Amino acid sequence: MINVTIDGIKASVPDGSTILQAAKDVGINIPTLCYHPDQSVKANCRVCVCEVEGNRLLQAACSQPVYEGMVIKTRTPKVIEARKTILELILSNHPQDCLSCIRNENCELQSLAAEYFVRDNPFELKIRGLVKDLSTPSLFRDPDKCILCRRCIEACTVIQTVNALGLEGRGSHAMVVPSLGKDLIDSPCIMCGQCIHACPVGAIGEVEDIDKLLAAIADPEMVVVTQIAPAVRLALSEEIGMNTGDLPMEVFVAGLKQIGFDHVLHTNFTADLTILEEGNELLKRLSTGGTLPMFTSCSPGWINFCETFYPDLLDNLSTCKSPQQMFGALVKTYWAEKMGIDPSKIFSVSIMPCVAKKYEAARPEMNASGYRDVDIVLTTREIGRLFRMSGIDFRKLPPQPFSPWMGEYTGAAVIFGATGGVMEAALRTVYEVVMQETLDDVNFSVARGFEGIKEAEVDLKGTVVKVAIAHGLSHARKLMDQVRAGESPYHFIEIMACPGGCVGGGGQPITKANVKRIERLDAIYIEDEAMPIRKSHENAEVKQIYEDFLHEPLGHKSHELLHTHYHAKNKRFL
Amino acid sequence: MAEEMRIVLRNYGKIDPLKIDDYIAVGGYNALNKARSMKPADLINEVKSSNLRGRGGAGFNCGVKWNFAYMAQADQKYVICNADEGEPGTYKDRLIMEGDPQSLLEGMAICAHAIGATQGFIYCRGEYPSVVKTLNMAIAQATEKGVLGDFSIEVRMGAGAYVCGEETALIESIEGKRGEPRIKPPFPPVVGLWGKPTIVNNVETFANIPAIVEKGAAWYAGIGTPSYPGTKIVTLTGDVVNKTFFEVPTDTTIREVIFDFGGGIPDGKGFKAVQIGGTSGAFIPAANLDTPIGFDAMTEIGAVLGSGAVFVLNDTRDIVDVTARIAKFFAHESCGKCAPCREGTMRMHDLMDKINSGRGKSADVALLNKLGRVMSYSCLCGLGQAAPAPVMTTIEHFPADYNAKLV
């Protein structure tokens with residue numbers, strides 16, 4: 001322990017603490033801007049500077065380690081003048097359109113400007129006038145708003161190893177730019193959206209499709225149908241002022257009906273269906289000498305990553321479409337038929353924790369129904385905006401049920417939202433299908449948790465199936481390199497592009513720290529635990545669709561509607 | 001009249017720099033042999049007690065620095081010579097490298113022995129391609145002679161960025177990254193090039209080493225001013241008769257440098273100001289001319305010795321105009337990493353430009369002072385911390401020049 005004095009308070013703090021950590025220990029909050037709890041220390045914004053006795057220079061609290069006897073002052077006139085001047089400098093270079101900014105009221109710079117009551121900025125407003133990047137259907141970049149904290153670069157290069165963002169130019173001409181291309185779409189960007197979470201301001205955000213939804217709702221001809229992805233509900237609670245997980249599912253359904261959705265169904269239904277298709281695909285690959293290990297294919301950011309960086313391993317990808325796209329293909333065929341609705345009148349909306357889903361829905365091959373299978377994708381954040389606009393008090397809203405045929409789901413589908421969830425759901429089903437016996441305990445705890453790579457072995461009647469799970473693409477890359485080198489011991493690998501899986505997806509409420517992702521993981525398993533049915537193959541509506549429509553997993557209809565193929569992205573940098 | 005004293009330039013003009021035999025004939029590499037007969041700890045103590053302080057500008061005690069790297073446990077350590085001589089008006093390192101490259105190599109090899117390094121780099125300014133040739137030839141000769149033993153030296157060229165003279169930015173540049181300063185601590189002697197303990201010293205610092213080892217710490221400590229002993233090469237530019245270089249003891253005063261060695265101001269004009277230490281140095285008025293150039297004496301008058309560049313302005317010069325150009329230089333050379341430097345240097349240039357073109361108000365001068373003050377203690381590295389000095393010192397010493405331009 002090290003003895004320090006902070007603003008006159010004597011404290012003993014752990015060795016290796018920074019001033020920032022030490023101050024927090026004694027209850028003093030030092031403002032930060034470039035600091036990110038899960039990233040390396042950058043110390044480039046200098047907003048956290050403090051006075052250290054005996055030192056003429058102010059020290060950045062985020063980077064300066066404490067030493068024995070250190071005397072720190074966090075709010076002297078010198079410190080406050082420095083912080084405020086630095087904020088004035090950053091703000092004088094930053095668009096002043098907070099009211100219409102996507103991060104209004106959720107912006108670290110805006111909060112600091114308020115805390116330090118920046119009023120009359122002495123520096124003349126000087127906006128660079130850089131061009132917005134609107135090249136992708138998933139996310140936009142507004143480089144004028146960038147404050148060059150570099151958190152997006154670390155998210156992209158270190159956490160995701162995608163390297164789509166880098167720095168160009170020096171001094172006040174320095175810019176974060178998509179690498180090797182003028183626009184994001186020409187870069188290796190896989191549209192996971194982790195940069196959005198990393199951004200303290202509104203320099204990167206999701207492409208919004210709310211207006212398209214409102215137009216469809218306003219059109220009396222259209223039947224607006226939506227699916228809800230597993231990880232949305234629990235995080236949406238955060239957007240409407242509740243604790244993580246506190247919004248009951250049926251109240252969520254009622255809220256969507258209030259907004260004007262005609263039918264609310266669930267992606268969880270196709271998550272269960274995915275388990276049947278993918279589980280059987282795995283068994284088939286195992287028994288017929290197919291390409292192994294098989295990779296899951298639910299995460300569109302991961303698909304983009306594989307197509308971009310591992311095009312030689314596309315045969316390892318399960319041919320199963322993601323649950324979103326399975327749903328899209330079925331809602332305008334099977335469901336339309338069951339409901340007697342003209343599929344051309346169905347406006348298919350998907351509510352996702354993801355921005356890569358917007359890109360996935362726009363893929364040209366995703367029109368198996370004869371129409372665009374999923375018309376628009378809305379993120380959890382966009383639904384949050386809609387709900388806030390609606391003026392609904394969700395604590396008082398009576399619950400409502402899902403519409404029939406594609407609304408039922410099991411606990412196995414719920415956990416799709418967590419890293420390891422698809423694997424666990426698959427194991428629950430594959431085990432029972434192969435062993436023809438009931439699992440005593442459906443909890444495969446080895447598949448759970450926030451560790452980057454998890455692995456397990458399952459003994460299926462003498463066949464030992466080795467599985468691995470990775471979330472965050474830097475971890476996935478390790479498993480992929482093993483496969484590429486022919487050294488992978490696994491049969492089945494689950495990969496989710498985003499840290500934590502979908503709970504940490506690029507479309508979720510702005511998530512600054514992994515602790516929030518872990519909190520959401522916990523909420524998911526609580527939900528699974530509470531489900532009456534927890535195995536995908538016991539989903540009654542899934543049984544029904546096989547009886548009435550698909551007939552068998554991997555059958556002709558499934559092949560037509562539920563499976564897909566992948567394309568190497570032949571980008572210049574490869 | 002004060003006299004020159006040549007230590008680092010002891011062989012300058014006397015030997016053929018491209019012939020190692022010439023260097024050896026005048027006693028070259030005796031110091032390295034002597035150093036190798038000493039225990040590293042004793043060698044470091046010798047350097048420490050000579051009180052040699054870094055000639056790059058920061059003035060850190062050289063032996064103390066070496067000791068940090070010596071104490072650090074690592075499988076590999078590095079010695080880097082900072083030859084990224086980018087301060088406008090400074091060409092002292094070039095003189096040494098062109099005139100006596102072996103003395104630099106010898107100094108580096110002594111350091112390598114002291115800290116336990118086998119690999120050295122000379123990071124040479126990109127605008128010095130001919131110096132790179134000379135250095136490579138010198139290294140080849142020294143290698144062929146076997147005088148360097150197991151210590152090998154490689155020359156790396158800069159690409160023109162001023163900030164790469166900052167030692168951690170220099171290290172980043174050698175590693176092939178964007179030339180940007182690192183967060184300190186950790187300091188390079190503990191975590192440096194490729195994460196290994198690394199000594200980065202200036203050319204002039206290394207060139208002092210053989211003389212100190214040969215003649216002893218006590219001899220060196222007795223030269224010049226005690227707190228910053230030895231000599232300093234000063235390079236004279238601007239409105240001065242002798243636009244040339246001198247190596248002088250560190251107790252020489254600014255007045256002696258300009259009026260004795262420099263021969264005063266030409267064309268019968270008067271003295272206005274002198275900027276010492278390079279572009280980021282303070283402007284010094286006539287009242288402070290009797291200050292010795294030694295590090296601490298300069299600090300006392302709010303100035304720096306820096307690189308030893310001496311830029312003289314006569315009394316007809318427009319000092320606001322000169323300062324505005326300097327502000328432009330820093331806006332151009334800021335690497336853009338930290339906010340106060342990235343935005344601050346740009347704003348400082350804008351404000352100086354506004355005042356210089358007759359559009360400024362007294363509030364702009366006040367804002368410059370506030371901005372400069374904040375930058376000087378908030379920026380991440382020395383570039384941003386020093387950039388405001390010319391602006392703030394000209395405002396302080398020559399307020400009338402500013403007032404004359406305000407609306």
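Because the structure is predicted, anything quoted here is derived from the model rather than measured.

### Brief notes about the overall build of chain A
Secondary structure assignment for chain A yields 19 helices and 17 strands. For 574 residues, the compact-globule estimate of 2.2 N^0.38 gives 25 Å, and the C-alpha radius of gyration of chain A, at 25 Å, lies within 12% of that figure. Its C-alpha atoms give chain A principal-axis dimensions of about 80 × 60 × 50 Å. Counting all 574 residues of chain A, 53% fall into the buried class. If you take every contact in chain A between residues at least 6 apart in sequence, the share linking residues at least 24 apart comes to 73%.

### Some thoughts on the domain arrangement of chain A
According to the domain assignment, chain A consists of domain 1 (2-91), domain 2 (128-206) and domain 3 (211-561). Taken residue by residue, the interface counts nine residues in domain 1 of chain A and seven residues in domain 2 of chain A.

### Here's the deal with the nonpolar core
Cys152 of chain A together with Trp66, Met108, Cys111 and Val310 of chain B are the most contacted members of the largest nonpolar core, which totals 305 residues. It is helix H6 (residues 101-115) of chain B that contributes the most residues to this core, nine residues altogether. Apart from residues lying up to four places away in sequence, Val310 of chain B is in contact with Val234, Thr235, Leu236, Val257, Ile258, Val274 and Ile276 of chain B.

### Considering the sheet that holds strand S9 (residues 271-276) of chain B
Residue and element names in this part refer to chain B. Reading across from one edge, S8-S7-S11-S9-S10 is the order of the five strands in this open sheet, with mixed pairing throughout. Of all strands in the sheet, those with a lone pairing partner are strand S8 (245-249) and strand S10 (283-284), marking the two edges. With five bridges joining them, S9 and strand S11 (residues 309-314) adopt antiparallel strand pairing. Its bridge partner being in S11, Val274 is matched across the sheet by Val312.

### Points about the interface of chain B and chain A
Of the residues lining the interface, 26 residues belong to chain B; the matching set on chain A comes to 27 residues. When residues of the side of chain B that touches chain A are traced back to their parent elements, those giving at least two are helix H13 (319-333), helix H14 (339-356) and helix H15 (362-378) of chain B. Broken down by element, the residue count for the side of chain B that touches chain A peaks at eight residues, all from H14 of chain B.

### Overview of the packing of helix H2 (residues 77-91) of chain A against H15 of chain B
At their nearest, the axes of H2 of chain A and H15 of chain B sit 10 Å apart, and the two run at 105° to each other. It follows that H2 of chain A is roughly perpendicular to H15 of chain B by the angle criterion. In this structure, H2 of chain A uses Glu81, Ala82, Thr85 and Ile86 of chain A to contact H15 of chain B, whose residues at the interface are Lys370, Leu371, Val374, Tyr377 and Ser378 of chain B. When its residues are assigned to classes, the contact of H2 of chain A with H15 of chain B shows five nonpolar, two polar and two charged.

### With respect to the packing of H13 of chain B against helix H17 (residues 389-397) of chain B
Residues and elements named next belong to chain B. Axis separation between H13 and H17 bottoms out at 9 Å; the angle between their running directions is 165°. Taken together, H13 and H17 sit at an angle that is classed as roughly antiparallel. As for the relative orientation of H13 and H17, their crossing is left-handed in sense. Residues Ile319, Thr323, Ile326 and Ala327 of H13 form the contact with H17, whose participating residues are Pro390, Val391 and Thr394.

### Overview of the pairing of S9 of chain B
All names here are of chain B. The element S9 is extensively covered by neighbouring structure, given that five of its six residues are classed as buried. The pairing of S9 with S10 spans two bridges and is classified as antiparallel. Bridge pairing in S10 places Gln275 opposite Phe283. Adjacent in sequence and paired antiparallel, S9 and S10 are bridged by six residues, among which Gly277 carries a positive phi angle near 100°.

### Some points on the domain arrangement of chain B
Residues and elements named next belong to chain B. The domains assigned to chain B are domain 1 (20-221), domain 2 (225-314) and domain 3 (319-403). Taking the mean C-alpha position of each, domain 1 and domain 2 sit 26 Å from one another. With 16 residues of domain 1 at the contact, the number on the domain 2 side is 17 residues. For the side of domain 1 that touches domain 2, the elements supplying multiple residues, two or more each, are helix H5 (92-99), helix H9 (203-215) and helix H10 (217-221).

So, how was this worked out
- Residues numbered from 1 in each chain as written.
- Chains lettered and ligands numbered in written order.
- Predicted model: local features only at pLDDT ≥ 70, side-chain atom pairs only at ≥ 80, totals over all residues.
- Helix = DSSP H or I, 4+ residues; strand = E, 2+ residues; numbered from the N terminus.
- Rg over C-alpha atoms; globule rule 2.2 N^0.38 Å.
- Buried ≥ 20, exposed ≤ 12 C-beta atoms within 10 Å, placed from the backbone.
- Contact = placed C-beta atoms within 7 Å.
- Domains from an automatic or database assignment.
- Core = buried A, V, L, I, M, F, W, Y, C linked by C-beta atoms within 7 Å.
- Pairing = 2+ DSSP bridges.
- Axes fitted to C-alpha atoms, helices over the stretch in contact; angles between N-to-C directions.
- Parallel < 35°, antiparallel > 145°, perpendicular 65-115°, else oblique.
- Nonpolar A, V, L, I, M, F, W, Y, C, P; charged D, E, K, R; others polar.
- Left-handed = near helix turned anticlockwise from the far one by under 90°.

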